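Reading the structure
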Amino acid sequence: MSDFLTRMKNAAKADKKTIVLPEGEDPRTIEAAKKIVEEDLANLVILGNPDEIDVPGATVIDPRNAEKHEEYAQKFAELRAKKGVTIEQARAQVMDATYFGTMMVKMGDADGLVSGACHSTADTLRPALQILKTAPGTKLVSAFMIMCTKTPEFGADGTLVFADCGLNIAPTSDELSEIAIASANSFKTFMGDVEPKVAMLSYSTMGSAGGDTAKKVQEATAFAKEKAPELAIDGDLQLDAAIVPSVAQLKAPESKVAGHANVLVFPNLETGNIGYKLVQRFGGAEAYGPILQGIAKPVNDLSRGCSADDIVGVVAITAVQAQMAN
Ligand SMILES: CC(C)(COP(=O)(O)OP(=O)(O)OC[C@H]1O[C@@H](n2cnc3c(N)ncnc32)[C@H](O)[C@@H]1OP(=O)(O)O)[C@@H](O)C(=O)NCCC(=O)NCCS
Ligand SMILES: CC(=O)OP(=O)(O)O
């Protein structure tokens, strides 16, 4: 287990939060829930059939006949009235465990939600985007992975933030600059004293190659520097120039980020999602997330390829986010 995760678990234990797991039908979620209770990381609410879920120490709620179903349906109808949602539609929608769990977070009955082991990212995140909306002062929600690699020479002793790996399919240059700034701030939140160094990744380093996506990354870098001059952000950078000092010396000798990047911003979701899975699967990295940034309350996703330990890790991270939200 990485030092990063040990730190998250210790922090989670110190001030226990209530986390809802809507996927009570998923065996990995149940295995994770047992570990979470055993390690005393969070108070858990599992959604599903109480006759089929046996996790001593966790609360099990069936959204279909829950005491709060009507209250949540009324509130959901109110929140989505402008979208034409009727109370009948709201009652049906809140039967869905992800919607029910997200309403628990909205209403303060849970501090955070972790799901996505057996639901797609779109189905996991849509309720959060609709119900919780963006945090004050934020216009874009994005999703990053915390990658704990086996290569301590890179990032912060091997730990890096990769973004956007889960949500924004084809960010514009302005959106990419928002993702870069949010990711730098997320890195600060989780990595304490280490200064974030953000590389805006491309197949081109400092304009060495042409093409529309390289231009988009160059533009995004300029926007990010303009919006947050206090942050170390540079691009466009190829991956080797971003993390290997000797390559950085050749390709981007003037850059303060090149060779030392610990936050990697990918040009689009294709590269971000493929990139994190390459590092996870070929490199044996621990991969936690997608973790949402810019959302009003903590809701985090999982890959359907996750292990029970990945779920435990994301629950600890979510609990830490919930502590910070208070
Ligand atoms: C998450 C996702 C489903 C949202 O898109 P959608 O279903 O088409 O839904 P909409 O565009 O109608 O958005 C729903 C709400 O979320 C809001 N929203 C969508 N994306 C947002 C973002 N990045 N930041 C802030 N709000 C966002 C919309 O404004 C909308 O709000 P409203 O309903 O109150 O008007 C879509 O971005 C998506 O599919 N992303 C890729 C996820 C994925 O497949 N990842 C791959 C594996 S990790
Ligand atoms: C994050 C991610 O890629 O999710 P999934 O594997 O479920 O599509």
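Under an unreviewed UniProt entry, the name given to the protein is Phosphate acetyltransferase, and the organism recorded is Collinsella tanakaei YIT 12063. Note on the protein: under the UniProt heading Pathway (unreviewed entry), the record states "Metabolic intermediate biosynthesis; acetyl-CoA biosynthesis; acetyl-CoA from acetate: step 2/2."

A word on the overall build of the protein
Counting secondary structure elements, the protein contains twelve helices and eleven strands. The buried share of the protein, reckoned over its 326 residues, is 54%. Taking the intrachain contacts of the protein between residues at least 6 apart in sequence as the baseline, contacts between residues at least 24 apart amount to 68%. Surface accessibility of the protein: about 14,000 Å² in total, with carbon and sulfur atoms responsible for 51%.

Focus: the site of ligand 2
In the vicinity of ligand 2, the residues found are T121, N273, Y276, K277, P290, L302, S303 and R304. K277 has a polar side-chain atom sitting 2.8 Å from an oxygen atom of ligand 2. R304 is positioned such that a nitrogen or oxygen atom in its side chain is 2.7 Å from an oxygen atom of ligand 2. Coverage of ligand 2 by the protein chains reaches 86% of its 260 Å² of free accessible surface. For the shell around ligand 2, a count of residues per class yields three nonpolar, three polar and two charged.

Considerations on the site of ligand 1
Taken together, the neighbourhood of ligand 1 is formed by 18 residues, with R80, K83, R126, K133 and V141 sitting nearest. Between ligand 1 and L167, the relevant distance is 2.9 Å, taken from a nitrogen atom to a main-chain nitrogen or oxygen of the residue. In the model, a nitrogen atom of ligand 1 is placed 3.0 Å from a nitrogen or oxygen of the N168 side chain. A total of 930 Å² of accessible area belongs to ligand 1 in isolation, and the protein chains cover 64% of it. Mapped by element, the contributors of at least two residues to the shell around ligand 1 are α6 (121-131) and α11 (269-283). Take the shell around ligand 1: its biggest share by element is four residues, from α6. Counted by class, the shell around ligand 1 contains eight nonpolar, five polar and five charged residues.

A closer look at the side chain of S2
Locating S2 in the fold gives a position in the segment before α1 (3-14). A residue is classified by how much of its surface remains accessible, and S2, at 12% relative accessible area, is buried.

Quick notes on the packing of aromatic side chains
What the rule picks out here adds up to five aromatic pairs. With 6.4 Å between their ring centres and 70° between their planes, F4 and F190 make a pair best called edge-to-face. Separated by 186 residues along the polypeptide, F4 in helix α1 and F190 in helix α7 (residues 173-191) bring together distant segments of the chain. In terms of burial, F4 and F190 fall into one category: buried. Here the aromatic cluster, defined as three or more aromatic residues joined through ring pairs, consists of F4, F144 and F190.

Regarding the environment of I295
Along the polypeptide, I295 turns up in the loop between β10 (286-293) and β11 (299-300). When the C-alpha positions of I295 and S177 are compared, they lie 17 Å apart, and in sequence the two are 118 residues distant. Residues contacting I295, with those up to four places away along its chain left out, are A128, L129, L132, K133, T134, A135 and V141.

Quick look at the pattern of salt bridges
The full count for this structure, using the stated rule, is 15 salt bridges. Measuring nitrogen to oxygen at the nearest pair gives 3.8 Å for the salt bridge that ties K17 to D15. The buried category is assigned to K17, whose relative accessible area is 8%. With a shortest N-O distance of 3.3 Å, E78 and K75 are connected by a salt bridge. Of the two residues, E78 and K75 are both situated in helix α3 (residues 69-79); the distance of three residues between them amounts to about one turn of the helix. Looking at E78, the relative accessible area reads 55%, which means it is exposed. Note on K75: relative accessible area 23%, which makes it partly exposed. Beyond isolated ion pairs, a larger network of salt bridges with shared partners links K139, D174, E178 and K227.

Side note on the UniProt feature "domain: Phosphate acetyl/butaryl transferase" (unreviewed entry) in the protein
As recorded in UniProt, the feature "domain: Phosphate acetyl/butaryl transferase" (unreviewed entry) lies at residues 4-319. The distance from the first to the last C-alpha atom of residues 4-319 is 14 Å, and the span holds 43% helix and 16% strand.

Thoughts on the nonpolar core
If you look at the biggest cluster of nonpolar residues, it comprises 57 residues, and the most contacted ones within it are F4 and M200. Core analysis: the second largest hydrophobic core is formed by 26 residues, V94, L113, L125 and L292 among them.

Quick word on the pairing of strand β5 (residues 142-148)
In terms of burial, β5 is largely enclosed, as seven of its seven residues are buried. Because side chains alternate across β5, one face comprises the buried residues S142, F144, I146 and C148, and the other comprises A143, M145 and M147, equally buried. Two strands pair when backbone bridges link them, and β5 and β10 are joined in this way by six bridges, in the antiparallel orientation. Looking at β10, one finds that M147 is bridged to A287. Relative to strand β6 (residues 159-163), β5 runs antiparallel, the two being bridged by five bridges. Of the residues in β6, the one forming a bridge with C148 is T159.

Calculation criteria
Residues numbered from 1 in each chain as written. Chains lettered and ligands numbered in written order. Predicted model: local features only at pLDDT ≥ 70, side-chain atom pairs only at ≥ 80, totals over all residues. Heavy atoms only, no water. UniProt positions renumbered as here; feature names shortened; annotations may be inferred. Helix = DSSP H or I, 4+ residues; strand = E, 2+ residues; numbered from the N terminus. Buried < 20%, exposed > 50% of the residue type's maximum accessible area, 1.4 Å probe, protein only. Contact = heavy atoms within 4.5 Å. Areas by Shrake-Rupley, 256 points an atom, 1.4 Å probe, with all protein chains shown as cover. Near = heavy atom within 4 Å. Polar contact = N/O pair within 3.5 Å; in protein donor to acceptor, adjacent residues only side chain to side chain. Nonpolar A, V, L, I, M, F, W, Y, C, P; charged D, E, K, R; others polar. Phe/Tyr/Trp six-rings, centres within 6.5 Å; stacked < 30°, edge-to-face > 60°. Salt bridge = Lys/Arg side-chain N within 4 Å of Asp/Glu carboxyl O. Core = buried A, V, L, I, M, F, W, Y, C linked by side-chain atoms within 4.5 Å. Pairing = 2+ DSSP bridges.

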